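The chain contents come next:
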Amino acid sequence: MQSASLLQRGLHTTSVVHRIQAGRYKRTPRREKPLTYEMAWPPQAIGHFKSWNSWNTTNLVGGLRASETAIEDEFVRRFMTGTWHNLFVSEIIIKRQHNMIRIAGILRRAISAQKMYFLIGYTEELLSYWLQCPIKLELQTVNDKKDVIFKYV
Amino acid sequence: MLHLNRSLDVCNKVLYQQLTKLRFISTTACIFTNGPSTGSKNEQSFNDDDEFRVLDLKRIQQKQPFQRRPMRPKAVVPPPRTQKMAEDQVWSDVWPGPRTFHPAVVPLPVRQGRNRHGPSPDKFGNAELMKIPNFLHLTPPAIKKHCDALKKFCTPWPAGLETDEKCEQHFPIDVITTDYCHSSPTIRDPLARIVTMRFKLGRLPMDRHSRDKFLRLVRDRHDVDTDTVTIVTDRCPLKTQNYQYAHYLLTALFHESWNFEEWEKEKLETDMEYYDWDLNPSKSKVVKIVKAIDPSVDEENLPEEWKSKVDNYREALTQLFNKGENTDTLQNYKDASLKLLF
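Just so you know, these numbers come straight off a predicted model, no measurement behind them.

**Overview of the packing of helix α10 (residues 304–323) of chain B against helix α11 (residues 327–341) of chain B**
Residues and elements named next belong to chain B. Two elements in contact, α10 and α11, have axes separated by 9 Å at closest approach and are oriented at 155 degrees. Classed by the angle they form, the pair α10 and α11 counts as roughly antiparallel. As α10 packs across α11, the resulting crossing turns out to be left-handed. Across the interface between the two elements, Trp306, Lys309, Val310, Asn312, Tyr313, Ala316, Leu317, Gln319 and Leu320 from α10 touch Thr329, Leu330, Asn332, Tyr333, Ala336, Ser337, Lys339 and Leu340 from α11.

So, in structure tokens, the structure goes:
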């Protein structure tokens, strides 16, 4: 009885804070903030209206190398954003099949085709050396940033 | 103190000399740099008047009017390849292997995405289409091509193994192993080491004793309904080792069950795996009943009338204990008992 009253006194409750911020974009007064399709849907829409940016088997039952794969994906994302500076207009999609890693995404046509070819070879060579896997860059280009805008908030 | 002061003086002197040197050098340098670049008339007149020259760092004198750098011509982007494609092209040549979706290569008006206020996004600049796996390289004609290419490596099915029964007869042992395909740089999986071996117990040459001993050794690894023994080995790190260990277990079990140890003679009636009428008190009671009904019969050599009744009763009771109680065995037991008694 005594312990019950102690427990009761020790428990503090506050009202629930329903503030969820991640993956959501605040609307602007004039509705001028551009969003891509990926940005337009909140995280709970993954698997319904939009799909994953990393595709691999680590999170299936009995999957291996979950942590290593996550770290490698993050490394690849950072390397890509740095190497293709200010060129990606979509998220970087990393798909793994067996030991093959496919990196996909949408680019702006801001640099010449020659530079783009060089960067493709450079990225594939360096990443395959670091990750010890064959890497394939499968990119799509758009004329302008506006071509991937889904809506304005 | 004195000594220190003197040394300080020496220091100052040296510093001064160095400074003047430096100044001299810097002034000459100024002249060199300014001389050829700003050789205007004004400067000449300043020099003539023995005035200090004005260092024109910002070059206000010869400032050019601002000119916009000419625009680089924009790269000409050809229209999507899909517009030039022939209708009767071979699709497996265009898309030979697995690849991320590309809108300029796939001549289909596909769309993906959900839009509450209009049509869903089309294929150009659509990242959703690039995420999902596609099977554009596995069209039926492409699969047919693959099969045709692989056909020359195939061999005919061995003669004499046409049916499942024949296969089972020639290959009585089933070995089940599993290979795992992960999306990772390694092909190793610890679960791939497990080996399952299955065989029918009836295929092993055994007598009543060795079969009983085998069953006691394998315990619940024997399935009574299908008469199948399943041995799973996973204690060794490699698949081959587990495979060999499973075969070793089979050999060891077989030979051990054929061994008859001295202590096996101590088997009591409670240790029996089946109901044996001859060893049970039921037999002595039946003999007693038969004697009570007809005291003249010899229990060792029963007459034909009694023998059939007793045999019938024995069979019914054995079935009842060994097969379990059900309508048939109970009915048989009842009939046999009635026949024996009345």
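**Digging into the layout of surface pockets**
By rolling a water-sized probe across the atoms, one finds the places where empty space is left. Within this model, the largest pocket holds a volume of roughly 1400 Å³. Forming the boundary of the largest pocket are 38 residues, of which A:Arg109, A:Met116, A:Thr141, A:Val142 and B:Val77 lie nearest the centre. Those elements that provide at least two residues to the lining of the largest pocket are β4 (100–108), α4 (113–131) and β5 (135–142) of chain A. With 6 residues, the top contributor of residues to the lining of the largest pocket is β5(A). Along the lines of polarity and charge, the residues of the lining of the largest pocket split into 22 nonpolar, 6 polar and 10 charged.

**Structural notes on the nonpolar core**
Residue and element names in this part refer to chain A. Residues Met80, Trp84 and Ile103 are the most contacted members of the largest nonpolar core, which totals 19 residues. Among the elements of the structure, α3 (66–83), β4, α4 and β5 are those that each provide at least two residues to this core. At 4 residues, the largest contribution of residues to this core is made by α4. With residues up to four places along the chain from it excluded, the contact list for isoleucine 103 reads Val76, Met80, Ile92, Ile93, Leu127, Ile135, Lys136, Leu137, Glu138 and Leu139.

**Some thoughts on the pattern of salt bridges**
All names here are of chain B. Overall, the coordinates contain 22 salt bridges over all chains when judged by the stated rule. A salt bridge links aspartate 212 to lysine 267; the nearest nitrogen and oxygen atoms lie 3.1 Å apart. Here aspartate 212 is found in helix α7 (residues 208–218), whereas its partner lysine 267 is found in the loop between α8 (239–258) and α9 (281–293), with 55 residues between them in sequence. Residue classification places aspartate 212 among the buried residues on the basis of a relative accessible area of 10%. For lysine 267, a relative accessible area of 35% corresponds to the partly exposed category. In this structure, the salt-bridge partner of glutamate 273 is lysine 267, at a minimum N-O distance of 3.1 Å. A relative accessible area of 36% means that glutamate 273 is categorised as partly exposed.

**A closer look at the packing of aromatic side chains**
Enumeration according to the criterion identifies 14 aromatic pairs over all chains in this entry. Ring geometry for A:Tyr37 against A:Trp41: centres 6.4 Å apart, planes inclined by 65 degrees, an arrangement best described as edge-to-face. Neither residue differs from the other here; A:Tyr37 and A:Trp41 are each classed as buried. An angle of 25 degrees between the planes, with centres 4.3 Å apart, marks the rings of B:Tyr275 and B:Phe321 as stacked. Of the two residues, B:Tyr275 is situated in the loop between α8 and α9 and B:Phe321 in helix α10; the sequence distance between them amounts to 46 residues. The exposure class of B:Tyr275 is buried, given its relative accessible area of 14%. These aromatic residues form a ring-pair network of at least three members: A:Phe75, A:Phe79, A:Phe118, A:Tyr122 and A:Trp130. Sitting over the ring of B:Trp95, B:Arg99 keeps its end group 5.7 Å from the ring centre. Taking NZ or CZ as reference, B:Lys309 lies 4.9 Å from the ring centre of B:Trp306, over its face.

**Section: the UniProt feature "domain: Small ribosomal subunit protein mS35 mitochondrial conserved" (unreviewed entry) in chain B**
Taking the numbering used here, the UniProt-annotated feature "domain: Small ribosomal subunit protein mS35 mitochondrial conserved" (unreviewed entry) corresponds to residues 189–260 of chain B. For residues 189–260 of chain B, the end-to-end C-alpha separation is 43 Å, with 43% helix and 19% strand making up the annotated structure.

**Section: the pairing of strand β4 (residues 228–233) of chain B**
Residues and elements named next belong to chain B. With 6 bridges joining them, strand β2 (residues 195–200) and β4 adopt antiparallel strand pairing. Paired with arginine 198 across the strands is threonine 230, a residue of β4. Inspection of the sheet shows strand β3 (residues 222–223) paired to β4 by 2 bridges, in the antiparallel sense. Looking at the pairing, aspartate 223 lines up with threonine 228 of β4. Counted along the chain from β3 to the antiparallel partner β4, the turn is 4 residues long, and its residue aspartate 227 has a positive phi close to 60 degrees.

**Points about the domain arrangement of chain B**
For chain B, the assigned domains are domain 1 (164–266) and domain 2 (275–341). Placing the centre of domain 1 of chain B and that of domain 2 of chain B at their C-alpha centroids yields a distance of 41 Å.

**Description of the sheet that holds β3(B)**
Residue and element names in this part refer to chain B. Strand order in the open sheet made by the 4 strands is β1-β2-β4-β3, with antiparallel pairing throughout. In this open sheet, the two edge strands, each paired with only one partner strand, are β1 (174–177) and β3. Running over the sheet, α8 touches β1, β2 and β4 and is turned about 30 degrees from β2.

**Side note on the pairing of β2(B)**
Looking at chain direction, β1(B) and β2(B) are connected through 4 bridges and run antiparallel. The partner of B:Asp174 across the bridge, within β2(B), is B:Arg198.

**Overview of the sheet that holds β4(A)**
Residues and elements named next belong to chain A. Taken in spatial order, the 4 strands of this open sheet run β2-β3-β4-β5, and their pairing is mixed. Here the strands that pair on one side only, and so sit at the sheet edges, are β2 (54–55) and β5. Examined bridge by bridge, β2 and strand β3 (residues 93–97) share 2 bridges and lie parallel to one another. Across the sheet, serine 54 pairs through a bridge with isoleucine 94, a residue of β3. On top of the sheet, α3 reaches β2, β3, β4 and β5; it is set at about 135 degrees to β3, its chief contact. Those strands touched by α4 are β4 and β5, and its axis lies near 150 degrees from that of β5.

**Considerations on the interface of chain B and chain A**
Taken together, the contact between chain B and chain A spans 30 residues of the former and 34 residues of the latter. Of the roughly 2700 Å² buried at the junction of chain B and chain A (both faces included), carbon and sulfur atoms supply 59%. Here chain B and chain A share 1 salt bridge between them. Linking B:Lys131 and A:Glu38 is a salt bridge whose minimum nitrogen-to-oxygen distance equals 2.5 Å. Run the count over chain B and chain A and you get 12 residue pairs in polar contact (both at pLDDT 80 or more). Of the residues contributing to the side of chain B that touches chain A, the split by class is 12 nonpolar, 10 polar and 8 charged.

The rules behind each value
- Residues numbered from 1 in each chain as written.
- Chains lettered and ligands numbered in written order.
- Predicted model: local features only at pLDDT ≥ 70, side-chain atom pairs only at ≥ 80, totals over all residues.
- Heavy atoms only, no water.
- Axes fitted to C-alpha atoms, helices over the stretch in contact; angles between N-to-C directions.
- Helix = DSSP H or I, 4+ residues; strand = E, 2+ residues; numbered from the N terminus.
- Parallel < 35°, antiparallel > 145°, perpendicular 65-115°, else oblique.
- Left-handed = near helix turned anticlockwise from the far one by under 90°.
- Contact = heavy atoms within 4.5 Å.
- 1 Å grid on protein atoms, 1.4 Å probe; cavity = no way out; pocket = protein on both sides within 12 Å on 5 of 7 lines; lining within 4 Å.
- Points joined across faces, edges and corners; volume = space filled by probe spheres on them.
- Nonpolar A, V, L, I, M, F, W, Y, C, P; charged D, E, K, R; others polar.
- Core = buried A, V, L, I, M, F, W, Y, C linked by side-chain atoms within 4.5 Å.
- Buried < 20%, exposed > 50% of the residue type's maximum accessible area, 1.4 Å probe, protein only.
- Salt bridge = Lys/Arg side-chain N within 4 Å of Asp/Glu carboxyl O.
- Phe/Tyr/Trp six-rings, centres within 6.5 Å; stacked < 30°, edge-to-face > 60°.
- Lys NZ or Arg CZ within 6 Å of the ring centre and 35° of its normal.
- UniProt positions renumbered as here; feature names shortened; annotations may be inferred.
- Pairing = 2+ DSSP bridges.
- Domains from an automatic or database assignment.
- Buried area = accessible area lost by both parts, 1.4 Å probe.
- Polar contact = N/O pair within 3.5 Å; in protein donor to acceptor, adjacent residues only side chain to side chain.

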